[in-house]
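Here is what each chain is made of, one letter per residue.
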Amino acid sequence: MTSIDHALSQERTYHDLCRAALARMTEGAGEQVVTGEDVSASGADAEVLGFHLRSYAKELREEPESPLFFGRLDLADGQSHYIGRRRITEHPADPPLVVDWRAPVSRAFYQASARDPQGVLVRRRFGWAPWSKGASEDLTGMEDERLTDLGDECLTGIADERPAAGGQGGGVPEGGILAAEIERPRVGPMRDIAATIQPEQDDLVRSPLTASVCVQGAPGTGKTAVGLHRAAYLLYTYPQRLTRAGLLILGPNRAFLSYVSEVLPALGEGGIRQSTVDDEIARHPVRAHDGPAAAAVKHDPRMAAVLHRALYGRVAEPDEAVEVPDGSYRWRIPLGELRRIVEEVRAEAPPYAVGRERVRTRAVRALQLRAERRGGPPGNEWLRRMGRSRAIGAFVDAVWPKVRPEEIVAEVLTDPRDPLLTADERRAVRWAKPPRSWRSARWSAADLVLIDEVAGLIERPESYGHVVVDEAQDLSPMQCRAIARRVAFGSVTVLGDLAQGTTPWAARDWSSLLAHLGRETAAVVPLTTGFRVPAVIVELANRLLGALDVDVPPGRSLRADGELAVREVREVTTATVEAVRAALTREGSVGVIADAGRVPELLAALDAAGVRAVGVAEGSGGGEADGPGEASGPGEAREGAGTGEVPRVSVLPATLAKGLEYDHVIAVEPAEIAAAEDRGLHRLYVVLTRAVSRLDVLHRLPLPAEMTPG
Ligand SMILES: Nc1ncnc2c1ncn2[C@@H]1O[C@H](COP(=O)(O)OP(=O)(O)OP(=O)(O)O)[C@@H](O)[C@H]1O
């Protein structure tokens, strides 16, 4: 037996030990649920403790089956730590068999280097065979890096009887195991990257809860991965604060959310809210569609001032004194004093609903002062009676009326008159046929953003402790404000790429977007190394950058593998079917991406040719896409798509490609994608950067000039 075989065998034995300990932890957690409820001091305690223990037991039971550790650190102080996705112990008081990757001691696994060993002698990485549920662990290899000269003889090797997962990598400095991980064919939803987080990513993942950060990164640099791992890190490191205040993940559409939905559960953090901005603010179904001119005005930040003015236009100056009967007596508040009360409350600028109550309270206080002067302090019952009196009620309704956000938005859209908007802009947003009342209004997606703005002026929504915003470059100023309201006292992680901005209001620089999010001072941190797209494909996509009018550095790939074929064909539908057939002879997922108008015909052609494919549909409220329908991400089969097994081929409109990835992408007729919208070249840039291994570009029409070299 060679020394590597011997070491592998020892590590397998250790893994078996951990597996057995985890089984005991799961069993023990189940028992604790029963005893925990019995030993609690009160019913309420029992409920809280019971809930906590049940959640923990459920989490352990539902732990996705995966290797229990992926790394080991041998430290200069003689200690060794195995690093995995969750802490495993024989007994809670014993030193752990496996340390959680988020624990402070694990940091060196990601950050230590020969130049800065951070007390590490040897860092060991484990390679495992591709994992499938129910399969037993299969340790295929390991690599040691000696970071300090004091280290023992180091081992590097792949167990010779089994190939390493995904093969050997080229151009990846970290060596075989990292290369194998990033080149592993994609099947199903996005995976976690806990085993291979890179130092620049780790810095972002572990920045403190109070720090708001903005990550600008080229396609495939791991922004989404970083955002999700940061969420998991924060939940682990600040459990109390975040359990109380909550953490929210915002993505561009439901297809994307479905694609990333399994990362957090795999990291042991289920139950985190993952949503879109549109879904977060949806008080009504979307039943109308705005033209580009109306949408542009409604998403403009000036609308915040327009709505503010419209709401506070309801506040009126008192025009007569108030007289309140009290038995045989009448209290009187003179007009001047009432005017002062309203003016003062306005100047304090509380939320509108609070202002209304403040006006009422101060009017009652004015009565109280008079009553005290006359006969000593009145009791609470008297104060309540005065507050509820018809005269005070009528006064408050007249000067600070109760109002619904929908009424204000309906008023503005029925008769827009604010001088902040130009005549053309007012015409663009004016309802052609105003509804009889706001109750019967058909709202557009942008109207819901306006309603949310007014709702936020009336009553502040509860603040999350942290919000992760993905694909943030596409947010409008008004959407940013909706997010800012929901994280007034927390922090944000903003992830995006200015080059991938495709909405009419997409940001051209981060500073204005951060200002709308109320986070002007957040640091903008670049991520530059691409893990998804092979260099040969990045080079093609980079040709478009010059035409995108944004100041971002060209993408740079860690991957020297990958294949690119750009082919002019006689007929794209037939050529697509052939390309899909050829792609299916290789491993991994296949994504056919085309202009939305072409998708039905491509799906029909694949169906006629007997190729099983799933159509990725527009999600209702899906980012820029208006309209109903459920979304499905890569790896999620829709009804009718087949039985049980998930088809490997997805066909999707270019508008839904953002954030997704496929091993093999077939981009159909780039000229159509580029011509379909104002920011069509940005869209094409997104489409070309979805491929993990292979990209086929099929075209009959001439390629957009920007795609050709020179
Ligand atoms: N450190 C890493 N180790 C292994 N794989 C990684 C690493 N970082 C990123 N990846 C992989 O690279 C791919 C791209 O990551 P991700 O989707 O997070 O990038 P992105 O910057 O959000 O891309 P885009 O802007 O194109 O949506 C994913 O498959 C991810 O798992």
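Residues numbered from 1 in each chain as written. Predicted model: local features only at pLDDT ≥ 70, side-chain atom pairs only at ≥ 80, totals over all residues.

Enquirer: What exactly am I supposed to notice about the overall build of the protein here?
Expert: Counting its secondary structure elements, the protein contains 26 helices and 22 strands. Across the 710 residues in the protein, those meeting the buried criterion constitute 46%. Considering only residue pairs separated by 6 or more positions, the protein has 74% of its internal contacts joining residues 24 or more positions apart. (Helix = DSSP H or I, 4+ residues; strand = E, 2+ residues; numbered from the N terminus. Buried ≥ 20, exposed ≤ 12 C-beta atoms within 10 Å, placed from the backbone. Contact = placed C-beta atoms within 7 Å.)

Enquirer: Where do I start with the packing of helix α14 (residues 352–375) against helix α16 (residues 390–399) in this structure?
Expert: When two helices pack together, their arrangement is given by the angle between the helix axes and by the axis-to-axis distance. Packing of α14 against α16 leaves a shortest axis separation of 10 Å and a crossing angle of 140°. On the basis of the axis angle, α14 is oblique to α16. The way α14 lies across α16 gives a crossing that is right-handed. Of the residues in α16, those touching α14 at Arg 356, Val 359, Arg 360, Ala 363 and Val 364 are Ile 392, Phe 395, Val 396 and Val 399. When grouped by side-chain class, the residues that make up the contact of α14 with α16 number 7 nonpolar, no polar and 2 charged. (Axes fitted to C-alpha atoms, helices over the stretch in contact; angles between N-to-C directions. Parallel < 35°, antiparallel > 145°, perpendicular 65-115°, else oblique. Left-handed = near helix turned anticlockwise from the far one by under 90°. Nonpolar A, V, L, I, M, F, W, Y, C, P; charged D, E, K, R; others polar.)

Enquirer: Help me out: how do you make sense of unusual backbone geometry in this one?
Expert: Both trends apply: most residues other than glycine have a negative phi, and most peptide bonds are in trans. One non-glycine residue with positive phi stands out, namely Asp 549, at about 60°. Locating Asp 549 in the fold gives a position in the loop between α22 (535–545) and β16 (556–557). According to the C-beta neighbour criterion, Asp 549 is partly exposed, with 13 such atoms within 10 Å. With a phi close to 50°, Glu 669 is a non-glycine residue in the positive phi region. The residue Glu 669 is located in the loop between β21 (662–668) and α25 (670–675) in this model. Assessed through the 21 C-beta atoms surrounding it within 10 Å, Glu 669 is described here as buried.

Enquirer: What's the story with the nonpolar core in this structure? I'm lost.
Expert: As a rule of thumb, nonpolar side chains are buried together in soluble globular proteins. Ranked by size, the top nonpolar core spans 155 residues in total, and within it Val 494, Val 592, Ile 593 and Ile 666 carry the most contacts. Beyond its immediate sequence surroundings of up to four residues, Val 592 is in contact with Thr 576, Val 580, Leu 602, Val 649, Val 651, Ile 666 and Val 668. One finds Val 345, Met 386, Phe 395 and Trp 400 within the second-largest nonpolar core, a separate group that totals 18 residues. (Core = buried A, V, L, I, M, F, W, Y, C linked by C-beta atoms within 7 Å.)

Enquirer: Looking at this structure, I do not really get the sheet that holds strand β19 (residues 613–615). What am I missing?
Expert: Adjacent strands of a sheet pair through backbone hydrogen bonds, lying either parallel or antiparallel. The strand order across the open sheet formed by 6 strands is β17-β22-β21-β18-β20-β19, and the pairing between neighbours is parallel. Edge positions in the sheet fall to β17 (563–568) and β19, since each of these pairs with one other strand and no more. Averaged over all pairs of adjacent strands, the angle between strand axes in this sheet comes to 20°, irrespective of strand direction. Note that β17 and strand β22 (residues 691–699) share 6 bridges and pair parallel. (Pairing = 2+ DSSP bridges.)

Enquirer: I keep staring at the pairing of strand β2 (residues 80–84) and nothing clicks. Help me out?
Expert: Regular strands show a simple pattern: their side chains alternate between the two faces of the sheet. The element β2 is largely enclosed, with a buried count of 4 among its 5 residues. Where strand β1 (residues 71–75) lies against β2, 4 bridges are found, and the strand directions are antiparallel. Across the sheet, the residue bridging to Asp 74 is Ser 80, located in β2. Count of turn residues in the β1/β2 antiparallel hairpin: 4 residues, of which Gly 78 carries a positive phi of about 95°. In this sheet, strand β3 (residues 99–100) lies alongside β2 in parallel orientation, the contact comprising 2 bridges. The partner of Ile 83 across the bridge, within β3, is Val 99.

Enquirer: Where do I start with the UniProt feature "binding site: ATP" (unreviewed entry) in the protein in this structure?
Expert: Taking the numbering used here, the UniProt-annotated feature "binding site: ATP" (unreviewed entry) corresponds to Gly 217, Ala 218, Pro 219, Gly 220, Thr 221, Gly 222, Lys 223 and Thr 224. Residue placement: Gly 217 occurs in strand β7 (residues 213–217). For Gly 217, a count of 25 C-beta atoms within 10 Å gives the class buried. Setting aside residues no more than four positions away along its own chain, Gly 217 makes contact with Lys 223, Asp 497, Pro 526 and Leu 527. Once residues within four sequence positions are removed from consideration, Pro 219 is found in contact with Asp 497, Gln 500, Gly 530, Arg 532, Val 533, Gly 555 and Thr 689. (UniProt positions renumbered as here; feature names shortened; annotations may be inferred.)

Enquirer: Looking at this model, I keep getting lost on the sheet that holds β7. Mind explaining?
Expert: The strand order across the open sheet formed by 6 strands is β9-β8-β12-β13-β7-β14, and the pairing between neighbours is parallel. Across the chains shown, the open sheet's two edge strands, defined by having one partner strand only, are β9 (273–275) and β14 (523–527). The sheet shows a mean angle of 15° between the axes of neighbouring strands, direction not considered. When strand β8 (residues 247–250) meets β9, the two strands line up parallel, connected through 3 bridges. The residue bridging Leu 250 from the neighbouring strand is Ser 275, located in β9. Sheet contacts for helix α6 (residues 223–237): β7, β8, β12 (466–469), β13 (491–496) and β14; angle to β13, the most-contacted strand, approximately 160°.

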